[in-house]
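Remarks on the overall topology
The residues making up each chain are set out below.
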Amino acid sequence: MKYPLTPLALGVALLLSSPARAADIDWKKVDAALGKTAAVSGEVHRYGLPRSDLHVTLDGVSIKPALALGGWVAFAPMHGEAMLMGDLVLLETEITPVMTKLLESGLDITAIHNHILRAAPATFYMHVAGHGDPEKMAASIRSALSSASKTPFDSPATTAGPAPAIDLDTAKIDAVMGAKGTANGGVYQFGIPRREPATEGAMQVNAALGGANAINFQPTGNGKAAITGDFLVTGNEVNPLIRALRAGDIEVTAIHSHMLDENPRMFFIHFWADDDALKLAHGVRAALDKTAVAQR
């Protein structure tokens, strides 16, 4: 397959090509190839790949897919084709066979790592990238996950009744965070962008492509919440942020990269705590204030 381009070749292609629009791509064919319907943000089409098949516990908390098991891939139109970024949630035994399938299809692997500690079973996160025909890349993702992992592609069974309640004072959490959260599958989520998003291959890595601070609250009863997610920071922000997290009794569980050729160089800091939700919101906000996030 002719995709993906190396970072250098991709950069040259970007300089020589004229921009493509989302309208240049038949997104219905991409949906069909992946077996999913995208959430559309601007020109980015993002597909959720949650590991709803897994029952993962950590420190007695049964983790909902939206808290820490939410795999995804996203496509951004680029010069007649598309750029792919994604994060796949895998069990340890699934890593090598999924990687092998993806590499054989021409896609790139940009990171493999943990996000949380002590989880049973242990879960890992494989970041993928590519550039080319979005329909072919979508088919490659589905083929790799379907043949080498148990990632579900069937639509979840629908049940009558309201969505799971968020048993937290979300208005107070919003006030502390300086942002409005969103309820998703029993989890209260924040996506807080940086003041100046990073770029990769001259493309802005926006929130839909994984370029935002992701903060998730899952109620655990009596005003408490389990929190996890990742902060997106530059190198000089890493230690100020993790010092702020530890001062707030929030555990730092991983520090690593997700991309290979972004500018400026970015690091992702993952975290965990299960405590009073408002206390944790204050701790998270204090950490965010050590970074160049968009102003409240």
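Details of the structure are given in the entry above.
Heads up: these notes are all about the structure in this document. Numbers given to residues run from 1 along each chain, matching the order in which its sequence is written. Per-residue local features are limited, in this predicted model, to residues with pLDDT of at least 70; the limit for side-chain atom pairs, both in listing and counting, is 80 or more; totals at the level of whole chains, interfaces and linings are taken over all residues. In computing side-chain values, all of the structure's heavy atoms are included and hydrogens and water are not.

Another aspect to go through is the packing of helix α2 (residues 27-34) against helix α5 (residues 134-148). Structural elements are reduced to axes, namely lines fitted to C-alpha atoms, with helices fitted over the stretch in contact, and the angle between N-to-C directions of any two is expressed from 0 to 180 degrees. A helix here means a DSSP run of H or I that spans at least four residues, while a strand means a run of E at least two residues long, and both kinds are numbered starting from the N terminus. Interhelical geometry of α2 versus α5 gives an angle of 15 degrees and a closest axis separation of 7 Å. Here α2 is positioned roughly parallel relative to α5, judged by the angle of their axes. Of the two possible hands of crossing, α2 and α5 adopt the one that is right-handed. Of α5, the residues touching α2 (which contributes Lys29, Val30, Ala32, Ala33 and Leu34) are Pro134, Glu135, Ala138, Ala139, Ile141 and Arg142. Classes in brief: Ala, Val, Leu, Ile, Met, Phe, Trp, Tyr, Cys and Pro nonpolar; Asp, Glu, Lys and Arg charged; the others, Gly included, polar. Partitioned by chemical class, the residues of the contact of α2 with α5 number eight nonpolar, no polar and three charged. Angles below 35 degrees are treated as roughly parallel, those above 145 as roughly antiparallel, those between 65 and 115 as roughly perpendicular, and all remaining angles as oblique. When the near helix sits turned anticlockwise from the far one by under a right angle, the crossing is termed left-handed; a clockwise turn instead gives a right-handed crossing. Note on contacts: a residue pair is in contact if any heavy atoms of the two residues lie within 4.5 Å.

Moving on, we come to the pairing of strand β8 (residues 123-132). The rule is simple: take the accessible area with a 1.4 Å probe, protein chains only, and divide by the maximum for that residue type; under 20% is buried, over 50% is exposed, in between is partly exposed. In terms of burial, β8 is largely enclosed, as nine of its ten residues are buried. With ten bridges connecting them, strand β6 (residues 81-91) and β8 associate as antiparallel partners. Bridged to Leu88 within β8 is Met126. As judged from the five bridges shared by strand β7 (residues 108-113) and β8, these two strands associate in the antiparallel manner. Directly across from Asp108, in β8, lies its bridge partner Ala129. Two strands qualify as a pair provided DSSP detects at least 2 bridges between them.

With respect to the helices, strands and loops of the structure, Thr151 is situated in the loop between α5 and α6 (170-177). Assessed through its relative accessible area of 7%, Thr151 is described here as buried. Of note is the side chain of Thr151, whose polar atom sits 3.4 Å from the side chain of Arg51. Polar contacts here mean pairs of N or O atoms no more than 3.5 Å apart (in protein, one a potential hydrogen donor and the other a potential acceptor; neighbouring residues in sequence count only if both atoms are side-chain atoms). In this structure the side chain of Thr151 is engaged in a polar contact, spanning 2.8 Å, whose partner is the side chain of Ser149. In this structure Thr151 touches Leu49, Arg51, Val89 and Leu145, once residues within four positions along its chain are discounted.

The next subject is α6. Since the α-helix turns once every 3.6 residues, residues separated by three or four places project in the same direction. For α6, the set of buried residues is Ile173, Asp174, Val176 and Met177. What you see down the axis of α6 is that its buried residues fit within an arc of 165 degrees, all on one side. Those residues of α6 that are exposed and aimed more than 90 degrees away from the buried face are Ala171 and Ala175. Each element contacted by the buried residues of α6 is listed here: β10 (187-193), β13 (212-221) and α8 (277-288). Of all possible arcs, the one meant is that of the directions from the helix axis to the C-beta atoms.

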